[in-house]
Amino acid sequence: MSKPTPDVYEQGKGMDAHNQVMREIRSRKEASYDPHEPTRVWLDEDNTPGGVKQSLTIILNTGGCRWARAGGCTMCGYVAESVDGGSVSHDALMDQIDVCLAHEAENGDEPAELIKIYTSGSFLDEREVGAETRKAIAETFADRERIVLESLPDFVDREKIGDFTQYGIDTDVAIGLETATDRVRHDCVNKYFDFADFEDACAEAAAADDAAAEGADAGVKAYLLMKPPFLTESEAIEDMIDSIERCADVSGCHTVSMNPCNVQRYTMVDELYFSGGYRPPWLWSVAHVLEETADVDAIVVSDPVGHGSDRGPHNCGECDDLVQKAIKDFDLRQDPSVFEQVSCECELTWEAVRERECGFNQPLTR
Ligand code: SF4
Ligand SMILES: [Zn+2]
């Protein structure tokens, strides 16, 4: 891992204790990565405000998240995949894009209408992806319909979004809000910004939308984290229902992606998990939140990564695939009746957990 300089420590944000622990855990990572290769690239399909689209997802290998180098979020191991040294040149980043285009040409029937770019940090942070590279990437994908760019709210501004909308591309900024509750975001996730900053970023996207070329839209896709460490199953459910409702009410935010926490290496969640102090959420909880919020004015989706495994969201082992399938169905159709068709004996255990798990006895089950 690269040695952080003092200015990336982000001192004075009231989170030095969590950051100190996270820095120590992350410093155990030893791998390093080639700056000319993307972290990952794959083809899939996604539900967007314009309907279900073929998508190309790119995880660019940039210098990694500045906040992660300061210590960072308790569940996030992504910095462990970033390039040593903390920055990647324009040419290397464009080589990564070429690798992704070659992957698409080889594996897809035609160019994907939707491009999603994540960076293990913030695509709109110019210390990760400079203006020259951002503009070149916009030009590369000028003929696509829609693009999703990941960023922390601090870096969202209407001009940067305008680099994309000027070509008529619908542009969404994906923001890892994690929860609408500031206390949970600060104390459980160790993420420094406030809900008000998210609202400001949505306002920037809305302004970019007003200024956009004919036919191009700009908006925000909020990413929420279900069950950060230190919350019980029932607290996590309540936090997600409230967060989805609050996000859907913010103008400019058209999609909410609610994702269950999984146990990633080199994180505080991993330490807790190994000491018996953390269980990822039940898939029943994910289904329940989606059912409860099906009538909000936003697309709500969920992508339970690692479902069915101990380190990912899971039920009893027997019904995990069925519930996961219902969730994926819901993502595409937004119809809560998909959940009526799945049931399992372990729902009783899940209900008991919701009733009886509390701060000092969790997790009640594995
Ligand atoms: S979740 Fe995002 S902000 Fe937090 S450490 Fe990871 S990449 Fe950085
Ligand atoms: Zn079950």
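Up top you'll find the structure we're talking about.
We now turn to the structure provided with this report. What you see is a predicted model; the values in this text were computed from it and never measured.

Calculation rules
- Residues numbered from 1 in each chain as written.
- Chains lettered and ligands numbered in written order.
- Predicted model: local features only at pLDDT ≥ 70, side-chain atom pairs only at ≥ 80, totals over all residues.
- Heavy atoms only, no water.
- Helix = DSSP H or I, 4+ residues; strand = E, 2+ residues; numbered from the N terminus.
- Rg over C-alpha atoms; globule rule 2.2 N^0.38 Å.
- Buried < 20%, exposed > 50% of the residue type's maximum accessible area, 1.4 Å probe, protein only.
- Contact = heavy atoms within 4.5 Å.
- Areas by Shrake-Rupley, 256 points an atom, 1.4 Å probe, with all protein chains shown as cover.
- Donors = N, O, S within 2.8 Å, 3.2 Å for Na, K, Ca; no water.
- Tetrahedral: all angles 85-135°; square planar, octahedral: opposite > 155°, others 65-115°.
- Core = buried A, V, L, I, M, F, W, Y, C linked by side-chain atoms within 4.5 Å.
- Axes fitted to C-alpha atoms, helices over the stretch in contact; angles between N-to-C directions.
- Parallel < 35°, antiparallel > 145°, perpendicular 65-115°, else oblique.
- Nonpolar A, V, L, I, M, F, W, Y, C, P; charged D, E, K, R; others polar.
- Pairing = 2+ DSSP bridges.
- Near = heavy atom within 4 Å.
- Right-handed = clockwise from strand over helix to strand, strands pointing away.

## A few points about the overall build of the protein chain
Within the protein chain, the regular secondary structure consists of 12 helices and 8 strands. Rg of the C-alpha trace for the protein chain: 20 Å, near the compact-globule value of 21 Å for 366 residues, within the 12% margin. For the protein chain, with 366 residues in total, the buried portion stands at 56%. Considering only contacts in the protein chain between residues 6 or more positions apart, those separated by 24 or more positions represent 76%. A total accessible area of about 15,500 Å² is found for the protein chain, and carbon and sulfur atoms account for 46% of it.

## A closer look at the coordination of the zinc ion (ligand 2)
Note on the zinc ion (ligand 2): its protein donors are C316 (SG), C319 (SG), C344 (SG) and C346 (SG). The metal-donor distances range over 2.3 Å. Given 4 donor atoms and angles of 103 to 113° at the metal, the environment of the zinc ion (ligand 2) is assigned as tetrahedral. Each donor residue of the zinc ion (ligand 2) belongs to the same chain, with the gaps between them written as C-x2-C-x24-C-x1-C. Placement of the pair is C316 in the loop between β8 (299-301) and α11 (320-333) and C344 in the loop between α11 and α12 (346-356), with a sequence separation of 28 residues. Look at C316 and you get partly exposed, because its relative accessible area is 39%.

## Some points on the nonpolar core
Counting 90 residues, the largest nonpolar core has I58, I117, F123, F198, C247 and M258 as its most contacted members. With sequence-adjacent residues up to four places away left out, C247 is seen in contact with L177, F195, F198, A222, L224, C253 and V256.

## Quick look at the packing of helix α8 (residues 233-248) against α12
It is the contact of α8 with α12, at a shortest axis distance of 7 Å, that shows an interaxial angle of 85°. The angle between α8 and α12 falls in the class roughly perpendicular. Touching E233, S234 and I237 of α8 are W350, V353 and R354, all from α12. A per-class count over the contact of α8 with α12 returns 3 nonpolar, 1 polar and 2 charged.

## Overview of the sheet that holds strand β7 (residues 253-260)
Sheet architecture is open: 8 strands sit in the order β1-β2-β3-β4-β5-β6-β7-β8, paired in mixed fashion. Edge positions in the sheet fall to β1 (40-48) and β8, since each has one partner strand and no second. Pairs of neighbouring strands in the sheet enclose a mean axial angle of 25°, with direction left out of account. Relative to strand β2 (residues 51-59), β1 runs antiparallel, the two being bridged by 9 bridges. Of the residues in β2, the one forming a bridge with T48 is G51.

## What about the site of ligand 1?
In the vicinity of ligand 1, the contacting residues are R26, C65, W67, A68, C73, M75, C76, S120, L152 and K191. Looking at the shell around ligand 1 residue by residue, the class counts come to 7 nonpolar, 1 polar and 2 charged.

## Here's the deal with the pairing of β7
For a regular strand, side chains alternate in direction, first toward one face of the sheet and then toward the other. Counted residue by residue, β7 has 7 buried out of 8 residues, so it is predominantly covered. Pairing between strand β6 (residues 218-226) and β7: 7 bridges, direction parallel. Residue pairing for β7: V220 is matched across the bridge by C253. A crossover connection joins β6 to the parallel β7 through α8; in handedness this β-α-β unit is right-handed. Examined bridge by bridge, β7 and β8 share 3 bridges and lie parallel to one another. The residue of β8 that forms the bridge with T255 is I299.

## Observations concerning the environment of V301
Relative to the helices and strands, V301 is located in strand β8. The exposure class assigned to V301 is buried, which follows from its relative accessible area of 11%. In this structure V301 touches V256, S257, M258, D331 and Q334, once residues within four positions along its chain are discounted.

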